[in-house]
Amino acid sequence: GDYMQVAIASIDLETLLQSVLRQAGEERRFTAVAFLGQLQLQEFSDELGEVLQDFENRVMTLLWQHNFLERRHEANTLIEADKVRDCMQTFMSLDINARRAIADEALAKWDEVSEILQHTKDAMAESDMNATGEGDGADGEDGESAEGPAGPTVIETVVYLRALLAEEA
């Protein structure tokens, strides 16, 4: 975290964003691959460069974590410059104590998170089995297929993640 903050602070973010926007011919947004390309051009001191291998991928992960309810960025995903600015400002505002508090809160709910991830993994495996026809084809007790009346079982990960964020009553 500290090294990432040093690296981000050493970048002229506005110049970098203007360069990507100019290349994209847009005023507010650009593709993820264009932004990734500009991040790859950033150079750091030897000490910082050794510690921050894959800096560009770490920044892309930060962007996704900042908006984790959205899909992870693909090559042609359009990214708004304001979202990049907001993400970097948020990250830069987190000192070691704030990052530790976030980690402690996540660890306090880790059992719930891992249960959600397991349910998601199971649902995806079930969906894959149904798609490839590897299921046993057995009908449920009520005569409906294991998929139910509306199709395959879908776990809405976003709903689970929002539930984790909700304050406990």
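Everything below is about the structure shown above.
Starting afresh in each chain, residues are numbered from 1 along the sequence in its written order. For this predicted model, a pLDDT threshold of at least 70 governs which residues receive local features, and a threshold of 80 or more governs which side-chain atom pairs are given and counted, while totals over whole chains, interfaces and linings are taken from all residues. The side-chain quantities take in all heavy atoms of the structure and omit both hydrogens and water.

Novice: Outline the overall build of the protein chain, listing residues and values.
Specialist: Secondary structure elements follow DSSP: runs of H or I no shorter than four residues count as helices, runs of E no shorter than two count as strands, and numbering proceeds from the N terminus. The helix and strand inventory of the protein chain stands at nine helices and two strands. The order of α-helices and β-strands along the protein chain, N terminus first, is α-α-β-α-α-α-β-α-α-α-α. Accessibility here uses a 1.4 Å probe with only protein chains present; expressed as a share of the type maximum, an area under 20% marks a residue as buried, one over 50% as exposed, and anything in between as partly exposed. For the protein chain, the proportion of its 169 residues judged to be buried stands at 22%. Areas reported as accessible are Shrake-Rupley estimates using a 1.4 Å probe. Residue values count occlusion only from the protein chains shown. Entry remark: accessible area of the protein chain is about 11,900 Å², with carbon and sulfur atoms responsible for 51%.

Novice: Mind laying out the nonpolar core, listing which residues take part and the relevant values?
Specialist: Most often, soluble globular proteins have nonpolar side chains that are buried together. Buried Ala, Val, Leu, Ile, Met, Phe, Trp, Tyr and Cys residues form a nonpolar core when they are joined through side-chain atoms within 4.5 Å. With 24 residues, the main nonpolar core has Met4, Phe30, Phe35, Phe55, Leu63, Val84 and Met88 as its most contacted residues. Contacts are assigned to residue pairs with any non-hydrogen atoms lying within 4.5 Å of each other. Non-local contacts of leucine 63, meaning those with residues more than four positions away in its chain, are made with Phe35, His73, Ile79, Lys83, Val84, Cys87 and Met88.

Novice: Give me helix H6 (residues 81-93): which residues, what numbers.
Specialist: Take the residue count of a helix, subtract one, and multiply by 1.5 Å to get its expected span. Compared with the 18 Å implied by 1.5 Å per residue over 13 residues, the 18 Å span of H6 between its first and last C-alpha is a close match. When we look at burial in H6, the residues that qualify are Ala81, Val84, Arg85, Cys87, Met88 and Phe91. All buried residues of H6 fall inside an arc of 165° around its axis, so they share one side. Away from the buried face of H6 by more than 90 degrees, exposed residues Asp82, Gln89 and Ser93 are located. Tucked inside the fold, the buried residues of H6 contact helix H1 (2-10), helix H2 (13-24), strand E1 (29-31), helix H3 (32-40), helix H5 (55-66) and strand E2 (78-80). What the arc covers is the set of directions going from the helix axis to the C-beta atoms.

Novice: Could you give an account of the environment of asparagine 67, with specific residues and numbers?
Specialist: Topologically, asparagine 67 is positioned in the loop between H5 and E2. What makes asparagine 67 partly exposed here is its relative accessible area of 23%. Separated by 16 residues in the primary sequence, asparagine 67 and lysine 83 place their C-alpha atoms 8.8 Å from one another.

Novice: I'd like a description of empty space enclosed by the protein, backed by residues and values.
Specialist: Here a cavity denotes grid points, spaced 1 Å and computed from the protein atoms alone, that fit a 1.4 Å probe unable to get out, and a pocket denotes an open set having protein on both sides within 12 Å along at least 5 of 7 lines; residues with an atom within 4 Å of a point are the lining. Grid points are joined across faces, edges and corners, and a volume is the space filled by probe spheres set on the points. On inspection of all chains with the given rule, the structure shows one cavity of 30 Å³ or more. Lining the largest cavity we find Ile8, Ile11, Leu13, Phe35, Leu39, Phe55, Val59, Val84 and Met88. Looking at the lining of the largest cavity, the elements that each hand over two or more residues are H3, H5 and H6.

Novice: Explain the side chain of glutamine 5 to me, using residue names and the numbers behind them.
Specialist: If you trace the backbone, glutamine 5 turns up in helix H1. Overall, glutamine 5 belongs to the buried group, its relative accessible area being 13%. Once residues within four sequence positions are removed from consideration, glutamine 5 is found in contact with Phe91, Met92, Leu94 and Arg99.

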